[in-house]
Amino acid sequence: MRDFDQILQAGIERGAAAGVSAVVVNREGTIWQGAAGERSLGGGDPMTTDTVGAIFSMTKAITSTAAMQCVERGQLELDTPASKVLPELGDPHVLTGFDDDGQPVTRPAAGEVTLRQLLTHTSGYTYPMWDANLLRWYQATETPFIGTETRASLQTPLAFDPGTQWAYGIGTDWVGLLVEAASGQTLGEYFAEHVTGPLGMTSTVFEATPDIESRLAAMHLRLDDGTLNPVDRPRPQDPEFEGGGGGLRASMEDYGRFIRMFLNDGELDGARILSPDTVALMVTNNIGDLRVSKLETVMPSLSNDAELFPGDEKTWGLAFQINEVAGFTGRPAGTVMWAGLGNSYFWIDRENGIGGAYLSQILPFVDEGSIDLFYELERAVYESL
């Protein structure tokens, strides 16, 4: 068996990341957890297994889990207009271009947006970092960007008619608001009562306590010469919503527990989070003949071109990207995964009953050094089976 700790340490020594924390789990418990490097490059505080970082879009799987709990209780429906619960989602319009004055031109969308479309990124809601037209729309209308956590930032036009294409976007932030409307709780309150609390994920939060603050890793920027530089990333002041699409901070110890719940058909240590049937639905292709495609960046300071397991056929479930063919790391077809903007990654292999989560804090997304280290760690896991 290759030494997982040595893999992380070698990655740090070659500059793959300032610091990394990772965990590998199976149905019964933690197989391995480890960390290497520093929380902030040059700061002297070591990365540890309980280090907390911004997990960005790894939040989406937790929000999706909350939404599917609401579906199980009959509070939300997958295939009826989501505007029945959240009127703000009514009367969607598709952005078709810009007039001679540079102002947006839209038309009414053919159809209403549904929860299933929001969960599968087929609603038409996109992200400006991978959609040049939406970026231009934000600039032309002077609408605050999504990271401001203002409700106005979500009031964007669609890129296409709901259900007709796959394009990654802000749909899961809308899902978080649907959970709030259905439950009468804030998203953080809902998670604590129904998801992260029952799973014992005590370091997974929107707002950090003093204890968690003391364990936070800094964000780093990969400079043109390949070096890393710590950067301040201020949180929005007085946010108007808690970002179900990317607002959580978490430790990989915690995320390992979330992964184990999915490996165990929705249950962990006696806490039933989801029914087995719901878990099976969430990890199954929910986009039909559509396929996940490369995200081509128009904001290179935030993301490189993004495709995980490039070239492989990929679909989407109700929370995850699904590998439709075996991956080069050794993962089998049917493995689900996703990632966070700051170069955090996870996978769940229900066939072999194994999964893992990896945290680094680097921008832009799909940093070559960090993602290659994640792939190397995953490959070593499969070589050890």
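Reading guide: rules and limits
- Residues numbered from 1 in each chain as written.
- Predicted model: local features only at pLDDT ≥ 70, side-chain atom pairs only at ≥ 80, totals over all residues.
- Heavy atoms only, no water.
- Helix = DSSP H or I, 4+ residues; strand = E, 2+ residues; numbered from the N terminus.
- Rg over C-alpha atoms; globule rule 2.2 N^0.38 Å.
- Buried < 20%, exposed > 50% of the residue type's maximum accessible area, 1.4 Å probe, protein only.
- Contact = heavy atoms within 4.5 Å.
- Areas by Shrake-Rupley, 256 points an atom, 1.4 Å probe, with all protein chains shown as cover.
- Lys, Arg positive; Asp, Glu negative; His and termini not counted.
- Charge placed at Lys NZ, Arg CZ, Asp CG, Glu CD.
- Axes fitted to C-alpha atoms, helices over the stretch in contact; angles between N-to-C directions.
- Parallel < 35°, antiparallel > 145°, perpendicular 65-115°, else oblique.
- Left-handed = near helix turned anticlockwise from the far one by under 90°.
- Nonpolar A, V, L, I, M, F, W, Y, C, P; charged D, E, K, R; others polar.
- 1 Å grid on protein atoms, 1.4 Å probe; cavity = no way out; pocket = protein on both sides within 12 Å on 5 of 7 lines; lining within 4 Å.
- Points joined across faces, edges and corners; volume = space filled by probe spheres on them.
- Arc of directions from axis to C-beta.
- Polar contact = N/O pair within 3.5 Å; in protein donor to acceptor, adjacent residues only side chain to side chain.
- Pairing = 2+ DSSP bridges.
- Phe/Tyr/Trp six-rings, centres within 6.5 Å; stacked < 30°, edge-to-face > 60°.
- Lys NZ or Arg CZ within 6 Å of the ring centre and 35° of its normal.

A.B. asks: Is there a simple way to think about the overall build of the protein chain in this case?
C.D. replies: When helices and strands are tallied, the protein chain shows ten helices and 16 strands. The C-alpha atoms of the protein chain give 20 Å as radius of gyration, which agrees with the globular expectation for 385 residues (21 Å, within 12%). Of all 385 residues assigned to the protein chain, the portion counted as buried reaches 56%. Considering only contacts within the protein chain whose residues lie at least 6 apart along the sequence, 67% involve residues at least 24 apart. For the protein chain, the accessible surface area stands at approximately 14,600 Å², while carbon and sulfur atoms represent 47% of it. Once the 25 positive and 54 negative side-chain charges of the protein chain are each reduced to a mean point, those two points are 4 Å apart.

A.B. asks: Can you walk me through the packing of helix α1 (residues 4-13) against helix α10 (residues 368-384) in this structure?
C.D. replies: At a minimum axis separation of 10 Å, α1 and α10 run at an interaxial angle of 165°. The angle between α1 and α10 places the two elements in the roughly antiparallel class. Both α1 and α10 take part in a crossing whose hand is right-handed. Contacts from Phe-4, Ile-7, Leu-8 and Gly-11 in α1 reach Leu-373, Glu-376, Leu-377, Ala-380, Val-381 and Ser-384 in α10. Counted by class, the contact of α1 with α10 contains seven nonpolar, two polar and one charged residues.

A.B. asks: Please clarify how the environment of Ala-67 should be interpreted in this entry.
C.D. replies: Here Ala-67 lies in helix α2 (residues 59-72). In this structure the C-alpha to C-alpha distance between Ala-67 and Thr-120, which are 53 residues apart in sequence, comes to 13 Å. Once you skip the residues sitting within four places of it in the chain, Ala-67 turns out to touch Leu-76, Leu-115, Val-175 and Val-179.

A.B. asks: In this structure, what is going on with the layout of surface pockets? I would like to understand it.
C.D. replies: Empty space among the atoms becomes visible once a probe the size of a water molecule is rolled across them. Each pocket or cavity is described by its volume, and for the largest pocket that value is around 700 Å³. Every residue lining the largest pocket is counted, 29 residues in all, and those nearest its centre are Phe-56, Ile-146, Gly-147, Arg-233 and Leu-341. If one sorts the elements of the lining of the largest pocket by residue count, strand β13 (residues 336-340) sits on top with three residues. Residues that form the lining of the largest pocket fall into these classes: 18 nonpolar, seven polar and four charged. One number sums up the size of the second largest pocket: a volume of about 270 Å³. Contributing to the lining of the second largest pocket are Ala-54, Glu-213, Leu-216, Ala-217, Ala-218, Met-219, Val-231, Asp-232, Arg-233, Arg-235, Arg-249 and Gln-361.

A.B. asks: When you look at the environment of Gly-53 in this model, what are you seeing that I'm missing?
C.D. replies: With respect to the secondary-structure elements, Gly-53 resides in strand β3 (residues 52-54). Residue Gly-53 is classed as buried on the basis of its relative accessible area of 0%. Linking Gly-53 and Gly-244, residues 191 residues apart in sequence, is a C-alpha distance of 16 Å. Those residues within four positions of Gly-53 in sequence are excluded, and the remaining contacts are Leu-248, Arg-249, Ala-250, Leu-359 and Gln-361.

A.B. asks: Even after reading the chapter, I still don't get α1, so can you show me in this structure?
C.D. replies: Three- or four-residue spacings in an α-helix give side chains the same orientation, since the helix completes a turn every 3.6 residues. Three or more residues of α1 are buried, namely Phe-4, Ile-7, Leu-8, Gly-11 and Ile-12. Axial view of α1: buried residues confined to an arc of 135°, hence all on one face. Those residues of α1 that are exposed and angled more than 90 degrees off the buried face are Gln-6 and Glu-13. Of the residues flanking the start of α1, the one acting as N-cap is Asp-3, its side-chain oxygen 2.8 Å from the backbone nitrogen of Asp-5.

A.B. asks: Where do I start with the sheet that holds strand β16 (residues 362-363) in this structure?
C.D. replies: In a beta sheet, neighbouring strands pair by backbone hydrogen bonds and run either parallel or antiparallel. The strand order β7-β6-β16 describes an open sheet built from three strands, whose pairing is mixed. Pairing within the sheet leaves two strands with one partner each, and these edge strands are β7 (228-231) and β16. Of the strand pairs in this sheet, strand β6 (residues 219-222) and β7 are connected by four bridges, and their pairing is antiparallel. Bridging across to β7, Met-219 finds its partner in Val-231.

A.B. asks: Hey, could you run me through the packing of aromatic side chains in this one?
C.D. replies: Any pair of aromatic rings gets described here by the distance separating the centres and the angle formed by the planes. Inspection of the entire model under this criterion finds 29 aromatic pairs. When the ring of Phe-258 is compared with that of Phe-262, the centres are 5.3 Å apart and the planes differ by 70°; the resulting orientation is edge-to-face. In this pair, Phe-258 and Phe-262 are both assigned in helix α8 (residues 252-263), four residues apart and thus about one turn of the helix distant. Its end group placed over the ring of Phe-98, Arg-136 keeps NZ or CZ at 4.0 Å from the ring centre.

A.B. asks: Help me out: how do you make sense of helix α4 (residues 132-141) in this one?
C.D. replies: Turning to α4, its buried residues number three or more, namely Leu-134, Leu-135, Trp-137 and Tyr-138. The arc enclosing the buried residues of α4, seen along the axis, measures out at 155°, which places them on a common side. For α4, the elements touching its buried residues are β4 (93-98) and β5 (104-108). Among the residues trailing α4, Glu-142 stands out with phi positive, at a value near 55°.

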